Amino acid sequence: MAKIIKPDEMLKSINYAPPATDWMDLPNDLSPGRWAYPAKLEKVEYLMHEVPGVFGNPRTWNPADPDWQLPSNWKEIVVNGFRERLDKYRSLKLFMDICVRCGACADKCHYFIGSGDPKNMPVLRAELMRSIYRGEFTLAGKILGKLTGARVMEEDVLKEWFLYFYQCTECRRCSLFCPYGIDTAEVTMMARELLHLVGVNINWILEPVANCTRTGNHLGIQPHAFKDIVEFMVDDIETITGKRLNVPLNEKGHEVLFITPSGDVFADPGIYTFMGYLIMFDAIGLDYTLSTYASEGGNFGLFTHSDMMKAINGKMYSEANRLGAKWILGGECGHMWRVVNQYMDTMNGNLQGPQMQTPVNPITGTVFKNAAQTKMVHIAEFTADLIKHGKLNLDKSRNSDIIATWHDSCNTARAMGMFDEPRYVLNSVVDNFHEMPESTIREQTFCCAGGSGLNTDEIMEIRMRGGLPRGNALKHVVDKHGVNTMACVCAIDRATLIPLADYWAPGVKITGLHELVGNAIILDGEEERTMNLRQEPLPGMEEE
Amino acid sequence: MKAIFSLLMVLALVVIATVGAGAAKMQTIFAYCIPGTAFVIFLVGFVCKIISWAKSPVPFRIPTTGGQQQSLDWIPQNKWDNPSTGPQTFMRMVLEVLTFRSLFRNTKVVLKHDDGKNPIVAYVSAKWLWLFAILFHYGFLIVAVRHLRLFLQPVPAPLAFLDWSDSVLQILTPAIYISDLLLLTGLTMLLARRFIDAKVRYISLVNDYFPLFLILAIALSGVYMRYIVKVDVMSIKDVAMGLATFNFKVPAGVDVSFFVHIFLVSTLLVYFPFSKLMHMGGVFLSPTRNMPNDTRMVHYENVWNNPAIKPHSYEAYEDDFREPMFEAGLPLDKSPEDAA
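All residue numbers refer to position in the chain's written sequence, counted from 1. Note on labels: chains are lettered from A, ligands numbered from 1, in written order. Confidence filtering applies because this is a predicted model: local features only for residues at pLDDT of at least 70, side-chain atom pairs given and counted only at 80 or more, and all residues used for totals across whole chains, interfaces and linings.

**So, the overall build of chain B**
We count it as follows: Only DSSP runs of H or I covering at least 4 residues are called helices, and only runs of E covering at least 2 are called strands; the numbering of each starts at the N terminus. For the radius of gyration, the atoms used are the C-alpha atoms, and the globule rule reads 2.2 Å times the number of residues raised to 0.38. Put simply, a residue is buried when 20 or more other C-beta atoms lie within 10 Å of its own C-beta and exposed when 12 or fewer do; between those, it is partly exposed, and each C-beta is set from the backbone. Note that contacts rest on C-beta atoms placed from the backbone: two residues are in contact if these are within 7 Å.
Helix and strand counts for chain B come out as 14 helices and 2 strands. Scaling as 2.2 N^0.38, a compact globule of 340 residues should have a C-alpha radius of gyration of about 20 Å, whereas chain B reaches 29 Å, well beyond that. If one aligns the C-alpha atoms of chain B with their principal axes, the spans along those axes are about 100 × 60 × 45 Å. The 340 residues of chain B split such that 34% are buried. Excluding contacts between residues fewer than 6 apart, the proportion of contacts in chain B whose partners are at least 24 apart in sequence is 64%.

Encoded structure:
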């Protein structure tokens, strides 16, 4: 972790009183730590070739330099792009027109709560763009200017957009509280599309997008390496359970294609969640395959441009068709499910092959009617159904050292509404579960402050500030109930909540839901387990 | 500064009407020409704005889900906050428009810490904004509907009943309208909130203060007419009926405060379609509220979907990695020999 100020200093620095200077006159603070590194030249070039019209101006540049090497007609590109999007998205046009600045959203953003920076109030974040809308496209704005909150596009405005539209995790918490449902995520998405046109971008998003396009996953794991990783996990599962599992890769003729974020394949603690999936599939004898070509559930394209999101997402149906799968089971991920729930079928439904069918749980016979069109089921829905029908042989006592709380991911919360399925699963595999305070869970949940491609270490201070609401709610249940584990269904959470918990609520372990399921499942023919999936001793086995 | 500017603009409007209709005797212009034109601008402007929004398509279904989705049969769905059908979505919209349900969720963040230690981020209930908004909007609605009695002869029974129940308190003569109190209280509180809450003050523009002052001036001029100068309502009704029936008679025996009132209302009508006040129409069109969360169940079409955008193909992927895949024993569509 990059060196950042201590929690007590951070707390002392937070002041919700706005400055005396009008926000339009506040200078941009572009010191290091305030922005994520720009995308590498070759990544931009590769993506320009793969998906034309989305990215532009490939170069090596530094946001701290005064000269951003923008194309000479950058202003025209941005203003025309803005106009084009007003005609393509009713959401944008409406959200530019109807905000009454009531301020209901002002203190709903985790970045505002942790920083007090007025431009992190969702209303003001949207005003960064709305002011340009008024200044460039409305008569009153052109005549009256600043009095009516209008201004024209300038280089400082572009830099301000870069700073603040990359301090929004598109978590939609503000949208929940807005009386008109104005969604800052939508505004941020549009602003980022415009920034990409003139080559203002961040590497933490574009490198995964480029990787995902070529290798099938964000982390750039090539097929043979992917196979090795799966083998390692099979080895570990054998060490833990005494049973060697068969994990099909790229095999044709299986009923189900399973796709999970590559974070689960690569990083601790995601790998334990992945092992949990494999153990569960073995326990129920699921006829499935993994794919190395579609080895990414997540879609960082969502954080760039709708065309890029579509291109990456299309791999799921293409691969289901090539392999002859009837439906797709999706792993634990947040923004993946924003895409699957709200964009996938609209964008790529035409790619579904005739072999695809409404998903049916082959073990329980349950028809997933809510996935009749996408043919894609969330693993928490699937597992909840299995447990409800008594199809999993579970030993809760293996998780008896765990006092759990549940973190709802922003996207599965406010772009899907999956709350009770994972809670049912969690309650079935752990004895001790305590909710965090009401205003920080379910639809009001707080982001991990690393969503929408911002889980990079160079902006760690921004992340820890944004992590304050989640961290503080966690600290509350740690103090009150002795919570030692926070479970979640999101691969980004599994990476970002670890430093967040270390910073704000030390001593809490972060797990995926299916790590706990995998611990509890009793496989046919397994040996008596002495350790959990992390190869730590199970409760009662410590001395042996 | 922005507030003072807005207040001065409204005062200027008052002066214009006072001088114009009073000293300059341009009563016909202020009674008929300006309000008539303003009403036409309002209607055309409102419709044009709605059409301009409607012309932009809604490419994706992006409801903000505020509760449990429709999922397994035994998991109760939160149908009003996460609707999956048309009727459920209709209910969500009804609650949104009539009860300001999203605003009712409002909380206020409070950060407490002992000099950097023991932080508590608390979220306390903050229903004031909701309350002020409800007072103002319902007050305004009743006042506006009540005014229809001036344009209709005979007055329909429901309007007469509304008028009677609104003045049921029977305080003062003429009896005070409850809606006047609601409207004025709501307006004052909303305005006070803009001054007192530092965050809201920071984001407020002329676009926010001006309509508040304007509507406040309209309400106060109305109150002044009714309770202080006690204008002759029948001669005002003559003017209103004249406007409604295109039968223009020279206004007689009408106090100048009426012309101020009607001029401010005209200004509001003209300003309305070009301002944030269009949230009145816009709230019905918001894609995060007026759409069901059903895109996993039924297909939703994007009119500008581009089928030419295809994923990086499996063939290209296998071409890229065929050798290592072959060596790792992964299944291939084309063996290295076939590909060669």
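**Concerning the environment of Arg125 of chain A**
Position of Arg125 of chain A relative to the elements: it lies in helix α6 (residues 122-137). Linking Arg125 of chain A and Met233 of chain A, residues 108 residues apart in sequence, is a C-alpha distance of 44 Å.

**So, the sheet that holds strand β8 (residues 509-512) of chain A**
Hydrogen bonding along the main chain pairs the strands of a sheet, whether they run parallel or antiparallel. Residues and elements named next belong to chain A. To keep things clear, this is the line we draw: For two strands to count as paired, DSSP must find a minimum of two bridges between them.
Judged by pairing direction, the sheet is parallel, and its 4 strands sit side by side in the order β6-β5-β7-β8 without closing on themselves. At either margin of the open sheet sits one strand with a lone partner, and together these are β6 (432-433) and β8. Pairing geometry for strand β5 (residues 403-407) and strand β7 (residues 485-488), over 4 bridges, is parallel. Within β7, the residue paired with His407 across the bridge is Cys488.

**Structural notes on the environment of Asn207 of chain B**
Residue and element names in this part refer to chain B. Positionally, Asn207 belongs in helix α9 (residues 206-228). Note on Asn207: 25 C-beta atoms within 10 Å, which makes it buried. Between the C-alpha atom of Asn207 and that of Ser275, which follows or precedes it by 68 residues, the distance is 7.3 Å.

**Description of unusual backbone geometry**
In this structure, Pro269 of chain A follows Asp268 of chain A across a cis peptide bond, with omega equal to 5°. Position of Pro269 of chain A relative to the elements: it lies in the loop between α13 (263-266) and α14 (270-284). Put simply, Gln153 of chain B and Pro154 of chain B share a cis peptide bond, and its omega is 0°. Within the secondary structure, Pro154 of chain B is located in the loop between α5 (128-146) and α6 (157-166). Of note in the backbone geometry, Lys375 of chain A takes a positive phi value of approximately 60° without being a glycine. Of note in the backbone geometry, Ser452 of chain A takes a positive phi value of approximately 55° without being a glycine. Note that Ser452 of chain A resides in the loop between β6 and α21 (460-466).

**A word on the packing of helix α18 (residues 379-388) of chain A against helix α20 (residues 420-429) of chain A**
All names here are of chain A. Threshold: What counts as an axis is a line fitted to C-alpha atoms, over the stretch in contact for a helix, and the angles between N-to-C directions run from 0 to 180 degrees. An angle below 35 degrees is treated as roughly parallel, one above 145 as roughly antiparallel, one from 65 to 115 as roughly perpendicular, and anything else as oblique. By the definition used in this description, the sense in which the near helix is turned from the far one sets the handedness, with an anticlockwise turn below a right angle giving left-handed and a clockwise turn giving right-handed. Charged means Asp, Glu, Lys or Arg here, nonpolar means Ala, Val, Leu, Ile, Met, Phe, Trp, Tyr, Cys or Pro, and polar covers whatever is left, Gly included.
Interhelical geometry of α18 versus α20 gives an angle of 50° and a closest axis separation of 8 Å. Between α18 and α20, the crossing angle belongs to the class labelled oblique. Relative to α20, α18 is oriented so that their crossing is left-handed. Listed contacts from α20 to Ala380, Glu381, Thr383, Ala384 and Ile387 of α18 are Glu421, Pro422, Tyr424, Val425 and Ser428. Residues belonging to the contact of α18 with α20 are distributed by class as follows: 6 nonpolar, 2 polar and 2 charged.

**Brief notes about the pairing of strand β2 (residues 117-125) of chain B**
Residues and elements named next belong to chain B. The pairing of strand β1 (residues 107-114) with β2 spans 7 bridges and is antiparallel. When the bridges of β2 are listed, Val109 appears paired with Tyr123. In textbook terms, the turn of a hairpin is the stretch between consecutive antiparallel strands, and for β1 and β2 this stretch comprises 2 residues, one of which, Asp115, has a positive phi near 50°.

**A word on α20 of chain A**
The buried fraction of α20 of chain A amounts to 7 of the 10 residues, a majority that puts the element mostly inside the structure. All buried positions along α20 of chain A are accounted for by Asp420, Glu421, Pro422, Arg423, Val425, Leu426 and Val429 of chain A.

**Quick word on the interface of chain A and chain B**
Contact residues are listed per partner, giving 101 residues for chain A and 87 residues for chain B. The element contributing the most residues to the side of chain A that touches chain B is helix α15 (residues 306-323) of chain A, with 9 residues. In terms of residue class, the side of chain A that touches chain B is built from 44 nonpolar, 25 polar and 32 charged.

**Things to note about the domain arrangement of chain A**
Heads up, the condition is: All the domain ranges listed were derived from an automatic or database domain assignment.
Taken domain by domain, chain A holds domain 1 (7-30 + 56-200), domain 2 (218-388) and domain 3 (396-520). If you average the C-alpha positions of domain 1 of chain A and of domain 2 of chain A, the two centres end up 36 Å apart.

**Remarks on the sheet that holds strand β2 (residues 288-290) of chain A**
All names here are of chain A. Spatial strand order, β2-β1-β3-β4: 4 strands in an open sheet with parallel pairing. Two strands bound the open sheet, and with one partner strand each, they are β2 and β4 (376-378). Adjacent strand axes in the sheet meet at a mean angle of 30°, parallel and antiparallel pairs treated alike. Of the strand pairs in this sheet, strand β1 (residues 256-259) and β2 are connected by 3 bridges, and their pairing is parallel. Bridge pairing in β2 links Leu257 to Thr289. Relative to β1, α15 is tilted by about 145°, and along the sheet it contacts β1, β2 and β3 (327-330). The strands touched by α18 within the sheet are β3 and β4, with β4 carrying the most contacts at an inclination of about 70°.

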